[in-house]
Amino acid sequence: MGAGVLPASGQDGEPGRLITFGVSQTFYARDNLILAPSSAGTTYASDTRLSFGLDTETDIDSFSLSAESVLRLLDDPLVGREARLSDPRLNVRYERDNGNSQLALFANYSKLDLAFSDPLSQSSLGVADFFRGRGTREEIVGGFRFETGVEAPLGFFVEADSRRLDYSDTTDPLLFENRTDRAQLGFIFRFSPVARATLSFEEERFEAEDIRDTERDTRDITLGLEYDTSPVSVFSLEVGHTEITERLLAPVARSSTSGLVGGVGYTREMPNGELSIDASTILTQLGRQNEFEVGRRLELPTGSLDISLGVAQGDTFDPLPIGRIAYMTEWPRSRFDVALSRDVAISDIVSDATITTRMDAGYEVDLTALSSLSFDVAYADIAVDGPDPAGVSQEQGSVYLTYRRNLTADWDMSLGLEHRFIDEGAPLGRGTSNGVFFSLERDFELLR
């Protein structure tokens, strides 16, 4: 999940408090809002978004809270005219650092209107993020991490997190309720300033209200070693054992797999970037998966280039290329970035290997000191390598052209065009949507 491994870090800034408010007003018109194979007409909407933020910080701890919601006025060819509160979000985080111990607590809540969201704006994608139609997705995430003995030869940490997804008013069979709970505890051994070891125990449970009523328990015990081979290089080694038990209630079935897992890695700082080499073998509910990847990050005079190339192979799929290429450059009046990636993972949603290919690119140019024009493109394809991939392999894309201008010191304006599409193959085929939007927004501080 990743949320539970966020470190609790000390705060280096001066003590203080910051309260912010934000308000924005957006008007837009979109044809075929739900990306159906044939359009039912144009949707007109007005979004009034209000946001609030609170950040406090002392010498040893920090607290942050952010909340927002939208009042949406809607005129839609299928649901008619209505007004509703939509897209509430709440994020809370607390961190404390006493020098020898650290604590982090976090909780996030959101309820997203799927018809008005673009999944390609997310940092990670899965088969459940490729959808069309209406409905809502409610997500609740929470957890903590506590570590003590940070400055001692022997340290101890414990962390736990939970993530729950609930869907309502949806028709996509892949949008089903699921929950993941995870807990981990471990010991950190600091043999010297350049040698460290970690012994950890982790348990995870996944439950889904899919057609099989899946329940899956995963237990791991891992020993990790990390050694600074030089002031600019680090070698790491990880060896462990994984046990996975899966129960299907419809029809009733039970399976289990266990075995050794591990990984080895090497990173070295270079005069103009970094070199990395990683190899790993893990167990999933479908058996073993092996990966090998070599990466090189380059700092360029006007930007950066990040390349990693490798191969993944599993019990259920042949060797497949994986990797990422990301390039960013900045000139005095413009910026350009592009990223291409391909990865393979066993999906909890479809229990098959999913091959995700993704491209994101953006170009922005300053027209004047107060205005800019940007062009953003995103594309993703998810293919399923399994015995029954029908109805799962699909592609999705979006294009945005946006003009922005600072009207005053406090108010900003944006105006733009958008195009989105999804193609799920037969029988639904391709659906496209085109739209225009106009917005005014302002963020201001009340107290600091």
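Everything numeric in this text was worked out from a predicted model, so none of it was measured.

Student: Hey, could you go over the overall build of the protein for me, with residue numbers and the actual values?
Tutor: Counting its regular elements, the protein contains zero helices and 22 strands. Radius of gyration (C-alpha) of the protein: 24 Å, near the 22 Å computed for a compact globule of 448 residues. On the principal axes, the C-alpha backbone points of the protein span a range of 65 × 60 × 40 Å. Put simply, the protein has 448 residues, and 38% of those count as buried. Counting only carbon and sulfur atoms, one obtains 59% of the accessible surface of the protein, whose full area is about 23,200 Å².

Student: How would you explain the nonpolar core if you had to name every residue and give the values?
Tutor: The nonpolar side chains of soluble globular proteins are, as a tendency, buried together. Judged by nonpolar contacts, the single largest core of 20 residues is most densely connected at Leu 114, Val 127, Tyr 167, Leu 175 and Ile 349. The set of elements that each furnish at least two residues to this core consists of strand 7 (154-168), strand 9 (195-208) and strand 19 (371-385). In terms of residue count, the dominant contributor to this core is strand 19 (three residues). Core analysis: the next-biggest nonpolar cluster, separate from the first, contains nine residues, Leu 33, Leu 74, Ala 115 and Phe 437 among them.

Student: Tell me about the pairing of strand 21 (residues 411-423), and name the residues and values.
Tutor: Across a regular strand the side chains alternate sides, sitting on one face of the sheet and then on the other. Across 12 bridges, strand 20 (residues 394-406) lies against strand 21 in antiparallel orientation. Paired with Leu 401 across the bridge in strand 21 is Leu 417. Counting the residues that bridge the hairpin from strand 20 to strand 21 gives four residues. In this sheet, strand 22 (residues 430-447) lies alongside strand 21 in antiparallel orientation, the contact comprising 13 bridges. Counted as the bridge partner of Leu 415 is Phe 438 from strand 22. The turn joining strand 21 and strand 22, which pair antiparallel and follow one another in sequence, is formed by six residues; a positive phi near 75° is taken by Gly 425.

Student: How would you summarise the side chain of Ser 374 if you had to cite specific residues and measurements?
Tutor: Here Ser 374 is to be found in strand 19. Within the local environment of Ser 374, its side chain forms a polar contact with the side chain of Arg 404, the two groups lying 2.8 Å apart. Apart from the residues within four sequence positions on either side, Ser 374 is in contact with Tyr 363, Glu 364, Tyr 400, Leu 401, Thr 402 and Arg 404.

Student: Please give an account of the confidence of the model for the protein that cites residues and values.
Tutor: If pLDDT is low for a region, its predicted coordinates should not be looked at in detail. Model confidence for the protein is summarised by a mean pLDDT of 92, while 95% of its residues fall at 70 or above. The model gives residues 1-13 a pLDDT under 50, and that stretch makes 34 contacts with residues more than four places away or in other chains.

Student: I'd like a description of unusual backbone geometry, backed by residues and values.
Tutor: For Asn 32, which is not glycine, the phi torsion reads 55° and is therefore positive. With respect to the helices and strands, Asn 32 occurs in the loop between strand 1 (16-31) and strand 2 (42-57). Among the residues examined, Asn 32 registers a relative accessible area of 4% and is labelled buried.

Student: Now, about the environment of Gly 314: what can you tell me, with residues and values included?
Tutor: Assignment of secondary structure puts Gly 314 in strand 15 (residues 303-314). Put simply, Gly 314 and Arg 288 are 26 residues apart on the chain and 5.6 Å apart in space, counted from C-alpha to C-alpha. In contact with Gly 314, other than residues within four places in its own chain, are Arg 288 and Gln 289.

Student: If you had to explain the pattern of salt bridges to someone new, which residues and values would you point to?
Tutor: Under the defined criterion, the tally for this structure stands at 39 salt bridges. Among the salt bridges present, the one from Arg 72 reaches Asp 47, with a minimum N-O distance of 2.8 Å. Note that Arg 72 is positioned in strand 3 (residues 61-76) and Asp 47 in strand 2, a separation of 25 residues in sequence. You can call Asp 47 buried: its relative accessible area is 7%. Across the salt bridge formed by Arg 196 and Glu 226, the nearest N and O atoms sit 2.8 Å from each other. In this pair, Arg 196 is assigned in strand 9 and Glu 226 in strand 10 (residues 214-230), connecting sequence segments 30 residues apart. Owing to a relative accessible area of 23%, Arg 196 belongs among the partly exposed residues under this scheme. Through salt bridges with shared partners, a single ionic network connects Arg 145, Glu 147, Glu 159, Asp 161, Arg 182, Arg 190 and Glu 202.

About the criteria used
Residues numbered from 1 in each chain as written. Predicted model: local features only at pLDDT ≥ 70, side-chain atom pairs only at ≥ 80, totals over all residues. Heavy atoms only, no water. Helix = DSSP H or I, 4+ residues; strand = E, 2+ residues; numbered from the N terminus. Rg over C-alpha atoms; globule rule 2.2 N^0.38 Å. Buried < 20%, exposed > 50% of the residue type's maximum accessible area, 1.4 Å probe, protein only. Areas by Shrake-Rupley, 256 points an atom, 1.4 Å probe, with all protein chains shown as cover. Core = buried A, V, L, I, M, F, W, Y, C linked by side-chain atoms within 4.5 Å. Pairing = 2+ DSSP bridges. Polar contact = N/O pair within 3.5 Å; in protein donor to acceptor, adjacent residues only side chain to side chain. Contact = heavy atoms within 4.5 Å. pLDDT = per-residue confidence, 0-100. Salt bridge = Lys/Arg side-chain N within 4 Å of Asp/Glu carboxyl O.

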